[in-house]
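The residues making up each chain are set out below.
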Amino acid sequence: GKQTDALNNLLYFTTQKDVPVIFINTPLTDEYLDSRRTKAEEEFRQYMVQVANRSAFMTFRDLGQLWPQRYAYFSDPSHLNRYGAYQVSNRLAQDPLIAWPEAGVTTE
């Protein structure tokens, strides 16, 4: 649908500009992930892996089930608070699959 079209357009544009895309599926709590949502998350995860495998410019990192019971990291069952966001940013900064540019190096 429209979301797939939007993602495909984004990937086309960023590929033309040689801009890599890192798509992060952020953590959710077990309170949010009832059986229906768990099934939908699995379908989404499979779809995003397929998209990432087709695109040399996209990396998909799935953190959806990283902290299902770390409620202190969430403002509600499906949204990180500042503490959770900080933990996610630290994890991403150390992720070996993300090619971060070196400090002080510009691409221009």
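Owing to the predicted nature of the structure, the values given are computational and were not obtained by experimental measurement. (Residues numbered from 1 in each chain as written. Predicted model: local features only at pLDDT ≥ 70, side-chain atom pairs only at ≥ 80, totals over all residues. Heavy atoms only, no water.)

Novice: Where do I start with helix 2 (residues 35-54) in this structure?
Specialist: In an α-helix, one full turn covers 3.6 residues, which means residues spaced three or four apart are oriented alike. For helix 2, built from 20 residues, the straight-helix expectation of 28 Å at 1.5 Å per residue is met to within 8% by its first-to-last C-alpha distance of 29 Å. When we look at burial in helix 2, the residues that qualify are E41, R45, M48, V51 and A52. Along the axis of helix 2, the buried residues cluster in a sector spanning 130°; they form a single face. Facing away from the buried side of helix 2, by more than 90 degrees, are the exposed residues S35, R36, K39, N53 and R54. If you follow the buried residues of helix 2, they end up packed against helix 1 (2-16), strand 1 (21-25) and strand 2 (58-62). (Helix = DSSP H or I, 4+ residues; strand = E, 2+ residues; numbered from the N terminus. Expected span 1.5 Å × (residues − 1). Buried < 20%, exposed > 50% of the residue type's maximum accessible area, 1.4 Å probe, protein only. Arc of directions from axis to C-beta. Contact = heavy atoms within 4.5 Å.)

Novice: Would you mind going over the pairing of strand 2 with me for this structure?
Specialist: For strand 1 and strand 2, the ladder comprises 5 bridges, and the chain directions are parallel. Within strand 2, the position partnered with F23 by the bridge is F60. Note that the unit made of strand 1, helix 2 and strand 2 has a crossover that is right-handed. (Pairing = 2+ DSSP bridges. Right-handed = clockwise from strand over helix to strand, strands pointing away.)

Novice: Would you mind showing me how to read the packing of aromatic side chains here?
Specialist: Each aromatic ring pair is specified by the distance between its two centres and by the angle formed by the two planes. If you walk through the whole model with that rule in mind, you get 4 aromatic pairs. A ring pair is formed by F23 and F44, whose centres lie 6.0 Å apart and whose planes are at 55°; its orientation type is tilted. Linking F23 in strand 1 with F44 in helix 2, this pair joins segments that are 21 residues apart in sequence. Exposure remark for F44: the relative accessible area of 28% places this residue in the partly exposed category. With 6.1 Å between their ring centres and 40° between their planes, F23 and F60 make a pair best called tilted. You can see F23 sitting in strand 1 and its partner F60 sitting in strand 2, a full 37 residues away along the chain. Residue classification places F23 among the partly exposed residues on the basis of a relative accessible area of 28%. By relative accessible area, F60 is classed as buried at 10%. Here R37 stacks its cationic end above the ring of Y32, 4.3 Å away from the centre of that ring. (Phe/Tyr/Trp six-rings, centres within 6.5 Å; stacked < 30°, edge-to-face > 60°. Lys NZ or Arg CZ within 6 Å of the ring centre and 35° of its normal.)

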